Amino acid sequence: MSNLTLYRFTLSGHSHRAELFTSLLKLDVNMVDVALQDGAQKQTDFLKMNIFGQVPVLKNNDDIINDSNAILVYLAQKFDANRTWYPEDVTVQAHIQRWLSVAAGLVASGPCSARLVTVFGAELDHQNAINIAYTLFKTMDAYLQNREYLVGTQPTIADIANFSYIAHAPEGGVSLEQYPNILRWLNNVRKLDGFIAMPKTKAGLLA
Ligand SMILES: N[C@@H](CCC(=O)N[C@@H](CS)C(=O)NCC(=O)O)C(=O)O
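Quick caveat: nothing in here was measured; it's all calculated off a predicted structure.

Visitor: Just to check I follow, could you spell out the nonpolar core for this structure?
Guide: Taken as a class, soluble globular proteins show a tendency for nonpolar side chains to be buried jointly. Grouped together as the largest cluster of nonpolar side chains are 54 residues, with contacts concentrated most on Phe 21, Trp 85, Phe 137, Ile 157, Ile 166, Ile 182 and Trp 185. At the level of secondary structure, the elements contributing two or more residues to this core comprise strand S1 (4-8), helix H1 (13-24), helix H3 (68-79), helix H4 (90-120), helix H5 (126-143), helix H6 (157-167) and helix H7 (180-190). Of the residues that make up this core, three or more belong to each of domain 1 (4-79) and domain 2 (90-206). Counting residues in hydrophobic clusters, the runner-up holds seven residues, among them Val 34, Phe 46, Val 55 and Val 57.

Visitor: Could you clarify how one ought to interpret the sheet that holds S1 in this entry?
Guide: Two orientations exist for strands paired in a sheet by backbone hydrogen bonds: parallel and antiparallel. Across the sheet, which stays open at both edges, the four strands sit in the order S2-S1-S3-S4 with mixed pairing between neighbours. Sheet topology places strand S2 (29-33) and strand S4 (63-66) at the edges, where each strand pairs with a single neighbour. The average angle at which neighbouring strand axes cross in this sheet is 20°, direction not considered. Of the strands in this sheet, S1 and S2 are in contact with H1, which crosses S1 at around 155°.

Visitor: Please clarify how the packing of aromatic side chains should be interpreted in this entry.
Guide: Centre-to-centre distance and the angle between the planes together describe a pair of aromatic rings. For the coordinates displayed, the defined rule picks out seven aromatic pairs. A centroid spacing of 5.1 Å and a plane angle of 45° characterise the contact between Trp 99 and Tyr 143, whose relative ring orientation is tilted. Within this pair, whereas Trp 99 is found in helix H4, its partner Tyr 143 is found in helix H5, the two being separated by 44 residues in sequence. What links up through ring pairs into an aromatic cluster is the set Tyr 134, Phe 137 and Tyr 179. The lysine or arginine in question, Arg 98, covers the ring of Tyr 143, its NZ or CZ lying 5.8 Å from the ring centre. Residue placement shows Arg 147 over the ring face of Tyr 143; its charged tip is 3.9 Å from the ring centre.

Visitor: Help me out: how do you make sense of the domain arrangement of the protein chain in this one?
Guide: How large an interface is tends to be reported as the accessible area lost when its parts come together. Assigned domains of the protein chain: these are domain 1 (4-79) and domain 2 (90-206). Computed over C-alpha atoms, the centres of domain 1 and domain 2 are 20 Å apart. In this assembly, 18 residues from domain 1 lie in contact with 21 residues from domain 2. Here domain 1 meets domain 2 over a buried area of about 1,700 Å², counting both sides, of which 67% is carbon and sulfur. The interface formed by domain 1 and domain 2 includes one salt bridge. One salt bridge connects Lys 26 with Asp 193, and the closest N-O pair in it is separated by 3.0 Å.

Thresholds, definitions, all that
- Within each chain, residue numbers correspond to sequence positions counted from 1 in written order.
- Only residues with pLDDT of 70 or above have their local features reported here, since the model is predicted, and side-chain atom pairs are shown and tallied only from 80 upward, although totals for entire chains, interfaces and linings are computed over all residues.
- Just so you know, side-chain values use all the structure's heavy atoms and leave hydrogens and water out.
- As used in this record, nonpolar core signifies buried Ala, Val, Leu, Ile, Met, Phe, Trp, Tyr and Cys residues forming a set joined through side-chain atoms within 4.5 Å.
- With a 1.4 Å probe rolled over the protein chains alone, any residue whose accessible area is under 20% of its type maximum counts as buried; one over 50% counts as exposed, and the rest are partly exposed.
- Strands here mean DSSP runs of E at least two residues long; helices mean DSSP runs of H or I at least four residues long; both are numbered from the N terminus.
- What fixes the domain bounds is an automatic or database domain assignment.
- At least two DSSP bridges between two strands are required for those strands to pair.
- Inter-axis angles, ranging from 0 to 180 degrees, are taken between N-to-C directions of lines fitted to C-alpha atoms, where helices are fitted over the stretch in contact.
- Two residues qualify as a contact provided that any one of their heavy atoms is within 4.5 Å of a heavy atom in the partner residue.
- Pairing of aromatic rings covers Phe, Tyr and Trp, the last counted by its six-membered ring, and requires centre-to-centre distances within 6.5 Å; plane angles under 30 degrees mean stacked, over 60 mean edge-to-face, and any other angle means tilted.
- Two conditions define a charge sitting above a ring: the NZ of Lys or the CZ of Arg must be within 6 Å of the ring centre, and it must be within 35 degrees of the ring normal.
- Note: buried area is the sum, over both parts, of the accessible area (probe 1.4 Å) each one loses when the two are combined.
- Any Lys or Arg side-chain nitrogen located within 4 Å of an Asp or Glu carboxyl oxygen qualifies as a salt bridge.

This is the structure:
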């Protein structure tokens, strides 16, 4: 049995980015579904693992890692012997960190929040989230014009951190049709050996 356990919610893009990376690294992981709809993430035992009461959480023996981007950094350094996903070069690491910040910032307040409204009924400003998403996508599409991946010429955890919520933006009512370079980049990620998709919901533009 594996020592790795991932506490997740299958429709959470934050969980998916962690799960996708374990799959790309071909790691054997015990998956534990956390019933967010029942508030399981706010129960005492779960709060002992993550004071913020959120998924995903990764356990590896005595290590408990919170936050999807922290999980990506941890897994890459522990289990990617070739260090292609998070190279040791500090300049490359800084470029990757920039995109992890985009995932935790504009992606969370843009396409992720728009989808929280349409899929989960969150009381957020939907139009504001849509506007943030389109502003981000315009910038990203231009940036990706001559690029296959977000940092350098090979896939890194920067791509994994940003993939899930951008791929599922239409569920939040945000169209990707005007962004051919983003669509090409998303497909580059889908083609990676070990790729697994997040389940689709019939919401937003897919309703
Ligand atoms: N910064 C955190 C955000 C995680 C997050 O927002 N998780 C959501 C699901 S996508 C959650 O657990 N929500 C339940 C809650 O906040 O009660 C990360 O990257 O892991």
